Amino acid sequence: MEQGIIGKVSGPLVVAEGLTNAKMYDLVRVGKDRLMGEVIEIRGESFSVQVYEETIGLGPGDPVYTTGEALSVELGPGLLESIYDGVQRPLNVLRDKVGDFIVRGVEAPGLNREKKWEFKSVAKVGDEVASGDILGTVQETTIIEHKVMVPPGIEGKITKINAGEFTVDDTVAVLEKDGQKKEITMLQRWPVRRGRPYKDKLPPHTPLSTGQRVIDTFFPVAKGGTACVPGPFGSGKTVIQHQIAKWADAEIIIFIGCGERGNEMTDVLMEFPELKDPYSGEPLMKRTVLIANTSNMPVAAREASVYTGITIGEYFRDMGYSVALQADSTSRWAEALREISGRLEEMPGEEGYPAYLGSRAAAFYERAGRTSCLSKDDREGSLTVVGAVSPPGGDLSEPVTQNTLRVVKVFWGLEDQLAYQRHFPAINWLQSYSLYMEEVEDYWTKEVDPEFKKLRTDAMAILQREAELKEIVRLVGVEALSTNERILMETARSVREDFLQQNAFHEVDTFTSLKKQFLMLKVIMHFHEVALEAIEKGTNIKDILEAPIRERISRIKFLEEKEIGKLKDLLKDISSQFKASRTGGE
Amino acid sequence: MPKEYMTIRDVVGPLLLVEKVTDVKYGELVELQFPDGSISRGNVLEITKDTALIQSFEGTRGINTTQTRVRFVGKGMEVGVSKDIVGRVFDGLGHTIDGGPEIIPEKRLSIYGEPMNPYSRDYPEDFIQTGISAIDGLNPLVKGQKLPIFSGSGLPHPKLAAQIARQSQVLGKDEEFAVVFCAMGITFEEANYFISEFKRTAAIEKAVIFINLADDPAVERIAAPRVALTAAEYLAFDLDMHVLVILTDMTYYCEALREVSAARKEVPGRRGYPGYLYTDLATIYERAGKIKNKKGSITQIPILSMPEDDKTHPIPDLTGYITEGQIILSRDLHRKGIHPPIDVLPSLSRLKEKGIGPGKTREDHSGVSNQLFAAYARGKEAKELAVILGEAALSDVDKKFAKFSEEFEQRFIQQGEFENRSIEQTLDLGWELLTHLPRAELKRVREEHIEKYMSKFMKEESKEEKELEEVKS
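A short tour of the structure in this document, coming up.

What counts, and where the lines are drawn
- Residues numbered from 1 in each chain as written.
- Chains lettered and ligands numbered in written order.
- Predicted model: local features only at pLDDT ≥ 70, side-chain atom pairs only at ≥ 80, totals over all residues.
- Heavy atoms only, no water.
- Helix = DSSP H or I, 4+ residues; strand = E, 2+ residues; numbered from the N terminus.
- Buried < 20%, exposed > 50% of the residue type's maximum accessible area, 1.4 Å probe, protein only.
- Contact = heavy atoms within 4.5 Å.
- Areas by Shrake-Rupley, 256 points an atom, 1.4 Å probe, with all protein chains shown as cover.
- Lys, Arg positive; Asp, Glu negative; His and termini not counted.
- Charge placed at Lys NZ, Arg CZ, Asp CG, Glu CD.
- Phe/Tyr/Trp six-rings, centres within 6.5 Å; stacked < 30°, edge-to-face > 60°.
- Core = buried A, V, L, I, M, F, W, Y, C linked by side-chain atoms within 4.5 Å.

Secondary structure assignment for chain B yields 13 helices and 22 strands. Its C-alpha atoms put chain B at 95 × 50 × 40 Å along the principal axes. Split into buried and exposed, the 473 residues of chain B put 59% on the buried side. The long-range fraction of contacts in chain B, counting pairs at least 24 apart against all pairs at least 6 apart in sequence, stands at 72%. Taken as a whole, chain B presents about 18300 Å² of accessible surface, with 49% of it coming from carbon and sulfur. Charged side chains of chain B number 62 positive and 74 negative; the gap between the two group centres comes to 3 Å.

Structure below.
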């Protein structure tokens, strides 16, 4: 460890002097309070350090210490159900230490050192193991079994393996290689800015089911895929992120509140322990890790928070779990980059953002993926990344959105006009896209219904056509449309109101299974077909539009999952109802 | 003993560069003694080995490089608080300006505060009745929320803010609000309106007022909201009070920030505002909230005027991203003579779902509010269509919606400056207006609520109709 002194302080940036062997992205401790910082630029003998805590009170001459280590996170049992700040300090521990406001200079390890975990060995003495192989397991929460793996870069023969209750610092196994003994604990450290290694990256093929109809049916994201949600304020980005965190069929959820509102994190914190996971029936918190670096917390730690989160995500991916990570919002991360870049007096790119914004964003999203994990057992894990973007003024041409769109495969474009009409989720169905359609359609054909793909395409076509017809109506009035077109307009309205719109705060409507989504869409499209047929046979359009069965269609979203049979009845009734009305008409 | 220097090298706008300093800390408070003997305060913005960059809160007029004394006080900017601050008037740096005695501080607190631990926060969910239908009914305010008013020049936001401050109460509990009022860069007349309002309604006894007027030094505006919020935190979390903080006008605050940023030659973000504007605003707005196991709370109502009524301007835009919703005032409604001219469609209260409903307001609140929104939106759309195609092009149903939207503006949004409507009155008024629509169109309210709350108005309505018909016949 080496000591230098501060030469300059400007906001979150400190320039240290008198260091010699500090490396780029090394962690250093600044000032008497030993605030955490990271070396981000070296010019001759000056080392620029971004400091993760408030720098008021620092001045030239104060000490700077090197640690020789990069900014790392602690990985091991105890991550789940935690809430961390951007540099993995547990916020509940901070509160116990310093009270309701975060005082600077307070330290707390990421994992609890006292807690004992029941370690069950899986490997045996004499086994040859290498990086990623599973030594044993710990039941971390009621639903997640934590797999204790050989840390990357280590291999050897097991000479000793324990079973019983241990803290994360205790040795659980001893490996021997070339006469060298290596003690393995349940705790690993990994530098946040480097992706954890894997054997192979595989193309994604399974959809991440989120229970949100517009997402799952129209713009699905695959497990291991990437998506972004740009939208102006008030368009419901955060609600969408929360809904995915609540209902996605991923085994692990990482939620990063990056430079956003404190009350939103509190909402998650208070709600998740009470909400039940629809797949396991256990509280959602049991599979969740929260990273909260709210907008008023130090800006440099905000920059680090997305990396802290994704590294924890990768760690669970390596165990073979499917992980879904939400970052809300990546624009705040980019702004943190911009602020630090400005203080470094770098030449700015667009709108003051640094020129390397694009490569940093790409590097972040590329850490997502479906991978075959390091280890002999060929397990597969996936890490899905969904990033919210907050474009200033809702203008999608701004640099953060553009750089994000270049790398992500799914785009859920939110629109404030839809939000004003209280059409939620306010995802614009004409602008948004998903590049995973093919993979997902194969899955639907196999797992849900072969007809799903066609239904989705037809429904989409109707929505497209509606947009064109709306223009005509706007110009010359509804009389200009043919009866068939008027039926189409009505069906489009039904798709929008009865399918796309989904109330996140309604106890039933908040989550819809894929099976039910298929049936709902089928009901709507079936009505459309039958209505067109009826028109052909001379039924009055008024009779169709005022058919009482439409009232039932408008209530299908409130049918509980267990009442799914009623949808099938409804399908039958739609056919027969029209026969009846036709005979009535004749 | 504070160190004193007479080594100013540069004076640029509100900034000073002082040379040959030692042992100065970032953020340290500075006292400047001008050649004429007057004293100003500032703080350290950047510090290198032997130079310090200082922003002077009270401007740099009258400073020279040879006779001005610079004293580094050895600590950050602080404000003294005690319970005697209630009822008093201060300047933007926390000095009394009402002619009364100086405050004898019980505590001195850093004006920058510290970030509230998200784990300690308590979710805001207590409904605040402001007595204004457009807010209570559609975009309700809850205790611990930060809900800004987006206004424009010439719109009556002072009246609205004063009305909120006057009428706000928590239902069912005998809790009243203390008001912390912070004026930044507004005119004497506007500030005077607020102060005389507070005096007239005796609200001044529970108010703490910080005033930085349009002709006061701009840089003082950077400190003013922080001083005010430090006082508010003291009242809320040390003295268990419910505090309503009104900050007006945030636009002038941001302009002061831009002035300093430009003087420092920083790389500008959008429209010349510094790239850290979001972070800086967040350190103000995020000081609203509630803490678990503490009685007090801070509810913020920042007011900002949107330049050219443009919601995408960086100031309203970044504010909207931080605050929990926004109340937007509309020039169109104002021209129509509707007060308060709240444009309910783009207005939003993000915390409303948790703050309303049975036990808090009334079981039908959420449904009525959604129905009113949807109906008003549809009515406005119909009216726009009628402008292009003529009234005749509308279907009968659309005509009803168009009429509804008119009535809604005239009766629901419109209310007197001193009219305090209870939430029951607001909701009942909503139901009454909904009777003008065909019942089949009321899809967002529950059937049983229609029976329970709307039927009484239906009868009257049909009675009236009958009478009308009788008269006709």
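Turning our eyes to something else, we now look at the packing of aromatic side chains. Tallying each qualifying case throughout the model produces 26 aromatic pairs over all chains. Seen from their ring centres, Phe-119 of chain A and Phe-166 of chain A are 6.4 Å apart, and the 75 degrees between their planes marks the pair as edge-to-face. With Phe-119 of chain A in strand E9 (residues 117–121) and Phe-166 of chain A in strand E14 (residues 164–166), this residue pair connects regions lying 47 residues apart in the sequence. For the residue pair Phe-119 of chain A and Phe-166 of chain A, the accessibility class agrees, reading buried in each case. Between Phe-181 of chain B and Phe-198 of chain B the ring centres are 5.8 Å apart and the planes differ by 75 degrees, which places this aromatic pair in the edge-to-face class. With Phe-181 of chain B in strand E16 (residues 177–186) and Phe-198 of chain B in helix H3 (residues 188–200), this pair connects stretches of sequence that are 17 residues apart. The burial state of Phe-181 of chain B is the same as that of Phe-198 of chain B; both residues are buried.

So, on to the nonpolar core. Side chains of nonpolar character tend, in soluble globular proteins, to be buried together. Residue and element names in this part refer to chain A. With 87 residues, the main nonpolar core has Phe-218, Trp-412 and Ile-556 as its most contacted residues. When residues of this core are assigned to their parent elements, the largest contribution, 13 residues, is made by helix H13 (residues 514–536). Contacts of Trp-412, omitting those with residues within four sequence positions, involve Ile-215, Phe-219, Val-221, Ala-227, Cys-228, Val-229, Pro-230, Ile-244, Val-386, Ile-427 and Ser-432. Counting 76 residues, the second-largest nonpolar core is a separate cluster that includes Leu-111, Ala-301, Ala-327 and Ala-368.

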